Amino acid sequence: MAADTLCLLRTFHPVRGGEASGVMPGSGPLPMSWTRILVRRATPYVAVAAILAVQALARTDAVVAFPLYLTVVLVVSLQQERADAFAVAAVAAVAVVIPPLATAAGTSDVASAILLAAVMLAVALAVGELMRHARASASAAQRQVDELLATDRRLNALVESAQVRLGLADLEGRLTLVNDRLAAVLGRNRDELLGRSIADLTSVEDRVDVEAGLGLIRSGDVGRWEASVEQLLSGGGRVPVGLYLGRLPSTVTGEPALLVQVTDISQSRHATAILDCLTTVRQVLVNSVTAESALPPLLAAFCSRLGWRAAQLWWPDAEGASMRVRTSWNASGPLVDGFLHTSRGIAVSDGKGLAGRAWRSGVVAAEEDVQGAADYHLQAAARMAALESAVAFPIVSAGEVLGVVELVSEARRTPDVDEVTMLATAGVEIGQFIRRAETGSALRRSEADHRAIFERSPIGIARIGGSGELLEANPALLHILEHDEVAMRTSAWPDLLRAYDQAAARLHKAPFLAAIGEGSSVQVRAAAATGSWLWLQLTATSIPDATGAPEHVLVMVEDVTAVRETSDRLNEALDAQRRANSDLEKLDQTKSEFLSIVSHEFRTALTGIQGFSELIRDSGLESNEVKAYGGYIFNDADRVNRLISDMLDLDRMESGRMSMRSGDVDINDVLMEAISRAVPSATAVEFKSDLEPRLPIVAGDRDRLIQVVSNVVNNAVKYSPDGGTVTLASRVEGRFALISVTDTGIGIPPDEIGHVFERFRRVRSGAAQSIPGTGLGLTIVKQIVEMHGGKIWVESAVGHGSSFHFTLPLAPESANALQLRHG
């Protein structure tokens, strides 16, 4: 029986969960034949039937056959679904119970059989449930394994197909996984890299930093670390990279790992170097004044920023037939010094060699192998200095090649497009700077020459602004006028401008500022600081700005005192002769006029005196008539007395016997006093005053000034019609007080204005003929004004009145004019 049972168990093949439903483990659903399914399902029942048959034939108890039934139930429970196992257990239970019932066994046997049947059913239920849970757990575990395998395959595919350079490493930095791109950038295959430390693949200069970063990640201080480092290639070269290390937890082993990412930054670093080089070039150009000071740092910038070992500037000679080295820069060792020394001893022709080609074409030229180039002008020197490559770019300004910069390198290299573009741009900017520097140097030399002329010229030169203010005076001008620069600017120059305008007005020329640019000369009289008077000739020349508008004016000042005095003495001699002749003529005419006027004036006065005297003597007059006739006689006598006084005064003035009692005079008071004297006898004329209330004190003889003002006012009243107006005005004009007396009278004809101050000269036209007068009043007025240091003139228009103006010097500056007025 045991042998049969063993044979029965061998017919069962172990299956995994899901085989009962026709699913093969690890292979997906497969169709099964109905025969195989029926055999598989029927086999347990056949086994139970066989055990029952053997039990019946052997007439054994259920207890003996129970292990066999239980074995079948256990095998089915382990291999098939729970329902199938329970069905087989139920059949086995029935098989255990049937024999005792069929043989009418005792109650204990039946009870034992039922108990055994219940045990088999319980075992079937328990094992089935356990197997269900076991199969579910196994299925979940299998799914997790499958997912991990799929994730691992996807991760490997991701690492291999990623466009970046990735790898994995342990916390010590040893690489455990690298992709092909990472291996390619390091110049090694993947097998060489696995197990190598990241620090060992880094240059010695950066190795300490990498190890420090690994230490920070291991300690947990940081979760990631990145830096720009240089990594070593298999051939000993270096490549600049951006290194990123990030800590990753492992989901398989539970051990953390490092994500390694390497970025090739050689292109970006090269682009940055190009940009830094151009920036440095521009900074040097901005901070430099001359080409000689700018060229060495410019060549140094090309070497240090772009990695070239030496640089030299080729510059055309005076004839422009060849170029020689103007300056050079060495960033390497003594071998390159020998190369540069050899360069200084040769000349490069147009179109010959690398520098000559750049000179002729005006574009960048490069030679990757200078040792093998047949036309390289320094081939032997380059071979001795172990130089491999060179590039030459032109220095250009306005389309003209000024020179060529040559850069050489110990490594074989060819400049890329960006570097060529930068070199061409730098060549243009350097060319523009050199031209500007040469122009600036020429301007500075020209300015120095002009400054020397300005400073050492024997002729006085003044540089003034567009509004006439003095900007600068050369030493010769300061010496001529004996002023320092401050006094020249504040006082002497404004006086010169006023003198110029006055002289120009006398010559009927435009004022100084209006005549700028005409180049005309005017001679003026000016006082030096010592008080001596000089004759100066002023010639103005305008200096335009960039737009052509006048910006500055140069005034040439020449001391022509000696020439003018000689000329004046000659002119004075000629004038004296002419005046003598004219005076002789005028003397006779004046004598006749004097006798005529004097005789007329005396005869008129004496006739009146005689007539009124006879009336008083011969007629019986009333007292009031006698009084009136006596008044007429008094007026005629006073008229004769004034005529005699004027004649005596004029004689004393011309002979120099007139004395002046100079003092401080308030000219406004004099004007008001003159008005008060004239008002009683001029009731038909209206007086107005326009006086400067804060007019400073003048220096003069008050009595004589009252005589001047009264004479001019009486003249204005005499020649003004009834209802006319006489206006007296005063104001400050520089260092003088200007007094004006204006009337609305008959006016003076233009041809008479120039003679009104001559003795015995009176207007003989129109209504003026009937107005009495001797013609001496204005002559005396002119003499008194000029004796005070002033001047007098008249402005008039026929039918519109006349204006008499005269000036008087203000009191000395040591006296406070306002204190004198209001003290």
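No experiment lies behind these values; they were computed from the predicted model shown.

### Looking at the overall build of the protein chain
When helices and strands are tallied, the protein chain shows 23 helices and 25 strands. Looking at the protein chain residue by residue over its 823 residues, the buried ones come to 38%. The contacts of the protein chain with a sequence gap of at least 6 include a subset with a gap of at least 24, amounting to 57%. As displayed, the protein chain has an accessible area near 44500 Å², and 56% of this comes from carbon and sulfur atoms.

### Here's the deal with empty space enclosed by the protein
Per the stated rule, a full pass over the model turns up two cavities of 30 Å³ or more. Reported here for the largest cavity is a volume of approximately 40 Å³. Lining the largest cavity are Leu 175, Leu 182, Leu 186, Ile 198, Leu 201, Gln 231, Leu 243, Val 260 and Val 262. Here the residues of the lining of the largest cavity sort into eight nonpolar, one polar and no charged.

### Concerning the sheet that holds strand β7 (residues 257–264)
Taken together, the five strands give an open sheet; going across it, the order is β4-β3-β7-β6-β5, and neighbouring strands pair in antiparallel fashion. On the outer flanks of this sheet lie β4 (175–178) and β5 (224–232), each paired with one strand and no other. Ignoring strand direction, the axes of neighbouring strands in this sheet form an average angle of 30°. The pairing of strand β6 (residues 238–248) with β7 spans eight bridges and is classified as antiparallel. From the neighbouring strand, Gly 246 faces β7, where its bridge partner is Leu 259.

### Overview of the pattern of salt bridges
Here the structure, examined in full by the defined rule, presents 20 salt bridges. In this structure, Arg 282 engages Glu 429 in a salt bridge whose closest nitrogen and oxygen atoms are separated by 2.8 Å. In this pair, Arg 282 is assigned in helix α9 (residues 266–287) and Glu 429 in helix α14 (residues 417–456), connecting sequence segments 147 residues apart. A residue is classified by how much of its surface remains accessible, and Arg 282, at 39% relative accessible area, is partly exposed. Taking relative accessible area as the criterion, Glu 429 reaches 18% and is therefore assigned buried. Here Glu 455 ties to Arg 451 by a salt bridge, and the two come within 3.1 Å at their closest N and O atoms. With a gap of four residues between them, Glu 455 and Arg 451 both fall in helix α14, about one helical turn apart. Using a relative accessible area of 34% as the deciding quantity, one classes Arg 451 as partly exposed. Members of the salt-bridge network, linked through shared partners, are Arg 451, Glu 455, Arg 463 and Glu 472.

How each quantity is defined
Residues numbered from 1 in each chain as written. Predicted model: local features only at pLDDT ≥ 70, side-chain atom pairs only at ≥ 80, totals over all residues. Heavy atoms only, no water. Helix = DSSP H or I, 4+ residues; strand = E, 2+ residues; numbered from the N terminus. Buried < 20%, exposed > 50% of the residue type's maximum accessible area, 1.4 Å probe, protein only. Contact = heavy atoms within 4.5 Å. Areas by Shrake-Rupley, 256 points an atom, 1.4 Å probe, with all protein chains shown as cover. 1 Å grid on protein atoms, 1.4 Å probe; cavity = no way out; pocket = protein on both sides within 12 Å on 5 of 7 lines; lining within 4 Å. Points joined across faces, edges and corners; volume = space filled by probe spheres on them. Nonpolar A, V, L, I, M, F, W, Y, C, P; charged D, E, K, R; others polar. Pairing = 2+ DSSP bridges. Axes fitted to C-alpha atoms, helices over the stretch in contact; angles between N-to-C directions. Salt bridge = Lys/Arg side-chain N within 4 Å of Asp/Glu carboxyl O.

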